[in-house]
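Understanding the architecture of this molecule
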Amino acid sequence: MTSTAPAPVVGRPVSRVEGPLKVTGAATYAAEFDPGPGLCHGAVVTSTIANGRIAAIDTAAAETAAGVVAVLTHRNAPRLPYHEHKGLTDPAEGERIHVLQDDRVRHQGQPVALVLAATPEEAAYAASLVRVDYRPESGVTAFSDAVTHAVPPGPRYRSRGLEGDAGRGDADTALGAAPVRIAAEYDMPRYNHNPIEPHATVARWQDGVLTLWDKTQWVDNVRAEMAAVFGLPPERIRVVSPFVGGAFGSGLRPWANVTLAAMASRHVGRPVKVVLTRRQTFGITGYRPRSAHRVALGADRDGRLVAIRHEGISETSTYEGYAEEQLGTSEYLYACRDVATRYRIAPRSVQTPNDMRGPGKVTGVHALECAMDELAVALGMDPVELRLRNDTIVDQSTGLPFSSRSLRECYQAAAERFGWGRRNPEPGSMRDAQGRLVGYGCASATWPAMRQAATARARLLPDGTAVVSSSSSDMGPGTYTSMTQVAAETLGLPLESVRFELGDTRMPVAPVHGGSWTMASLGPAVQAACAQARDRAFAMAGRGDVDLAAVLPRIGEPVEATVHTEPGEELRRYSTHSFGAVFAEVAVDPELCTVRVPRVVGAYGVGRVVNPKTAHSQITGGMVMGLGMALTEGTEVDPRTARPVNSSLADYLVPVNADIGELDAIFVDESDPHVNPLGVKGLGEIGTVGVAAAVCNAVFHATGRRVRELPITVERVLNTPVG
Ligand code: MOS
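Residues numbered from 1 in each chain as written. Predicted model: local features only at pLDDT ≥ 70, side-chain atom pairs only at ≥ 80, totals over all residues. Heavy atoms only, no water.

An unreviewed UniProt entry lists the protein under the name Xanthine dehydrogenase family protein molybdopterin-binding subunit, with Marinactinospora rubrisoli as the source organism.

**Examining the sheet that holds strand β15 (residues 338–347)**
Keep this limit in mind: Between any two strands, at least two bridges found by DSSP are needed for them to pair. We count a stretch as a helix when DSSP gives it H or I for four or more residues in a row; a strand needs E for two or more, and each element gets its number in order from the N terminus. Helix axes use the C-alpha atoms of the stretch in contact, all axes being lines fitted to C-alpha atoms, and the angles between their N-to-C directions lie in the range 0 to 180 degrees.
The sheet built from 5 strands is open, its strands ordered β7-β15-β14-β13-β8 with mixed pairing. Two strands lie at the open edges of the sheet, namely β7 (165–168) and β8 (180–188), each paired on one side alone. Within this sheet the neighbouring strands show an average axis-to-axis angle of 10 degrees, counted without direction. Two strands pair when backbone bridges link them, and strand β14 (residues 305–316) and β15 are joined in this way by 10 bridges, in the parallel orientation. Directly across from Gly 312, in β15, lies its bridge partner Tyr 343.

**Structural notes on helix α11 (residues 361–379)**
Condition: For a helix, the expected span equals 1.5 Å multiplied by the residue count minus one. The cut-offs for exposure are 20% and 50% of the maximum accessible area for each residue type, with area from a 1.4 Å probe on protein chains only; residues under the lower value are buried, those over the upper are exposed, and the others partly exposed.
Between its first and last C-alpha, α11 extends 26 Å over 19 residues, near the 27 Å set by a 1.5 Å rise per residue. Most of α11 sits out of view: 17 of its 19 residues are buried. Looking at the residues trailing α11, positive phi occurs at Gly 380, about 65 degrees.

**Digging into the pairing of strand β5 (residues 111–117)**
As a general feature of sheets, a regular strand has side chains that alternate between the two faces. Along β5, 7 of the 7 residues are buried, which leaves the element largely enclosed by surrounding structure. As defined by bridge partners, strand β1 (residues 40–46) adjoins β5 across 6 bridges and the pair is classed as antiparallel. The residue bridging His 41 from the neighbouring strand is Ala 117, located in β5. Alignment of strand β3 (residues 68–73) against β5, held across 5 bridges, turns out to be antiparallel. Paired with Val 71 across the two strands is Val 115, which belongs to β5.

**Structural notes on the packing of aromatic side chains**
Rules: Aromatic pairs are defined between Phe, Tyr and Trp rings, using the six-membered ring for Trp, whenever the two ring centres lie within 6.5 Å; interplanar angles under 30 degrees are classed as stacked, those over 60 as edge-to-face, and all others as tilted. We count a charge as sitting over a ring when the NZ of a lysine or the CZ of an arginine lies within 6 Å of the ring centre and within 35 degrees of the ring normal.
Taken as a whole and assessed by the stated rule, the structure comprises 14 aromatic pairs. When the ring of Phe 33 is compared with that of Trp 213, the centres are 5.8 Å apart and the planes differ by 25 degrees; the resulting orientation is stacked. Pair noted here: Phe 33 is in the loop between α1 (19–23) and β1 and Trp 213 is in strand β10 (residues 209–214), with a separation of 180 residues, a long-range link. Here Phe 243 and Tyr 480 contribute two aromatic rings whose centre-to-centre distance is 5.6 Å and whose plane-to-plane angle is 35 degrees, an arrangement assigned as tilted. Placement of the pair is Phe 243 in the loop between β11 (237–240) and α8 (256–268) and Tyr 480 in helix α14 (residues 479–491), with a sequence separation of 237 residues. Tyr 480 carries the same exposure label as Phe 243, and that label is buried. Put simply, the rings of Tyr 411, Phe 418, Trp 420, Tyr 440 and Phe 583 touch in pairs and so form one group of aromatic residues. One cation-aromatic arrangement involves Arg 190 over Tyr 287; the distance from NZ or CZ to the ring centre is 3.8 Å. The ring of Phe 579 carries Arg 405 above its face, with NZ or CZ at 4.6 Å from the centroid.

**Quick look at the nonpolar core**
Using the following cut-off: The term nonpolar core refers to a set of buried residues drawn from Ala, Val, Leu, Ile, Met, Phe, Trp, Tyr and Cys, joined through side-chain atoms within 4.5 Å.
Leu 297, Leu 375, Phe 583, Val 586, Val 695 and Ile 712 are the most contacted members of the largest nonpolar core, which totals 92 residues. Here the element with the most residues in this core is α11; it accounts for 10 residues. Membership of the second largest hydrophobic core comes to 45 residues, among which are Val 9, Ala 458, Ala 466 and Met 483.

**Regarding the pattern of salt bridges**
To be explicit about the condition: By definition here, a salt bridge exists when the distance from a side-chain nitrogen of Lys or Arg to a carboxyl oxygen of Asp or Glu is within 4 Å.
Counted under the stated rule, the structure contains 41 salt bridges. In this structure, Asp 373 and Arg 706 form a salt bridge, with 3.0 Å as the shortest nitrogen-oxygen distance. Pair noted here: Asp 373 is in helix α11 and Arg 706 is in the loop between α19 (691–703) and α20 (714–719), with a separation of 333 residues, a long-range link. Look at the salt bridges and you will find they share partners, linking Asp 90, Arg 96, Glu 225, Arg 253 and Glu 320 into a network.

**Observations regarding the environment of Leu 592**
If you trace the backbone, Leu 592 turns up in the loop between β24 (577–588) and β25 (595–605). As for Leu 592 and Leu 718, which are separated by 126 residues in sequence, their C-alpha atoms are 8.2 Å apart.

**Examining the pairing of strand β2 (residues 52–58)**
Relative to strand β4 (residues 104–105), β2 is paired through 2 bridges, and the arrangement is antiparallel. Within β4, the position partnered with Arg 53 by the bridge is Arg 104. As defined by bridge partners, β2 adjoins strand β6 (residues 131–136) across 6 bridges and the pair is classed as antiparallel. When the bridges of β6 are listed, Asp 58 appears paired with Arg 131.

**Focus on the UniProt feature "domain: Aldehyde oxidase/xanthine dehydrogenase a/b hammerhead" (unreviewed entry) in the protein**
Convention followed: UniProt positions are given in the numbering used here, feature names are shortened, and annotations may be inferred rather than shown by experiment.
UniProt marks residues 24–138 with the feature "domain: Aldehyde oxidase/xanthine dehydrogenase a/b hammerhead" (unreviewed entry), using the numbering shown here. For the annotated span residues 24–138, helix accounts for 11% and strand for 30% of the residues, and the straight-line distance between the end C-alpha atoms is 51 Å.

**Some words on the sheet that holds β24**
Short version of the rule: When checking whether two residues touch, look at their non-hydrogen atoms; a contact exists if any pair is within 4.5 Å.
The mixed open sheet is built from 5 strands, whose spatial order is β18-β19-β24-β25-β26. Each of the sheet's edge strands pairs with one partner strand only, and the pair in question is β18 (430–431) and β26 (662–667). Here 6 bridges tie β25 to β26, and the two strands are oriented parallel to one another. Residue pairing across strands places Val 601 opposite Asp 664, the latter belonging to β26. Contacts from helix α18 (residues 612–631) reach β25 and β26 within the one sheet, and its direction differs from that of β26 by about 130 degrees.

And the structure:
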């Protein structure tokens, strides 16, 4: 048999390998697993106060309702050990709520009872019969009150490198002396993740082993947390999560549904399924915190930044001090000698926020990039030129060189594709064929390129195929596909001969599927495991063979390699980030002030692109999220009660197809030999960064109105004066 080297598969726009399973309904999501006979359905009862205690709870009517198996409240629920556990994705400060362990209520929507019944309908009906009387206590419900009690992130955040106050030089003096300066405030609401698949868990105890089928981005941490909560050795817990119907970060922490399902299943001795309703996800899961920012920029008359001052406050709960890096970008995105940042968190009687796609950056860059546009106007300078004039090859916050940085190339590529040259800089000067005001805006995007330790196993089979596995997740970016590509290329096997498996704690440990680091972290482990298994097989065959598919049948038994990889020194010698430039066109009705976005074009320097097709989808999906942030999304929290008001997809408006125009993502040529062996920088999150700022800046260009509060609703445009 002659061996022909297969065409390279890394870099090819391969369609999702699991696509057929998804479109035919054969992919099994958390709530769809069948744990065997006796399954009970759990319906959660949630609190209707923000702070206080449960005075009385009457479950009699629920207990006698049709089909009901049990009703769990803090009075009869088993006491759980709740040993100390902090996953990387838990807030560094504070302690999670201990589910049904006492009468304490700390937020609206906190679980106070779980009703178990034979069918979901019976459980939901019986749950409506549970009567809870509260003894409310005063709490901080309004964000405006919370900010008056804002504090710096706690000491455990400082050890993670997140400071309340940071910067260099003397920003105030530099600002005072700057010939051109602007200062402005920007407000962003709370955002909920709203994946289409709700959070759900199926739990079963069998032969001393707890199996959890859960919606999660990190099976190993679900296991670790449940081991701590229940006081079990981790070996006695298995977590399975092969498919995730979107998450955006909502799957980074186990929520109350996991503990409730496991606790109830043990209590009744039957498998239990708990599925949160959409409304419940607004109370039980995390969210991107509401935030308020203030930015002051100073420049010389040539547009060189001489001072940046950036302050931000975001909400957190009273029991956990969630903090995220909102202001770091203002310290490294542009060259500037004098920089000061000040970040505070504001405790409020709400549940704890958590990471949501591009956490911190999406928020902070929005404020910075709107402010940069205001500075460009003050300078009478083209906004693209202003960014390029402040480009830098050194990260001035650390003094380290960027491992690669294509911000300039991104601006050039995106500006050309977008047609930025057609822009008349005068606000309100451009109209489309329907007489609408047209505006062009731009903003920078960035996200850190990070890498974590990861382990993968490659198993080569006598039939000439390979199974590669790691406990990772695929919440949408295409982990199944990209890992299959890396494995196939390393093994020299056709794509169809390689199967990649993920989402099970029985597999080698992968890092949390977040931070845009799955490709950068797990990719090298998959590559190394495949290389080792391949070399082992060739050594066993021993005849100088180069065709694995021919060698494996001759060996006649599986050949396996498990390899653990870790980041090296490179991250200490370089500052590693992806950069991008995003351009938006808006069309604003001059009378009605409705804002449409016919076009968004972004260009990104993300290192090597393993799969241009899934990469393009990632970026344009991120842009849709950015457009939601710009125009429609935001969780309305009643300031009197801290209750999320618009907790449904009818009222929380994510963009629909009709809201979205043309989206285009360009990947500039970028080779980064420093970040990791694959040279990939990650692109799951950067697509959302900067989009809302580009839209805001375009709305200003169209109308002369600077809307500094998101989302840009009709009334906000109407109520914002020109100038
Ligand atoms: Mo991402 S917010 O790390 O899932």
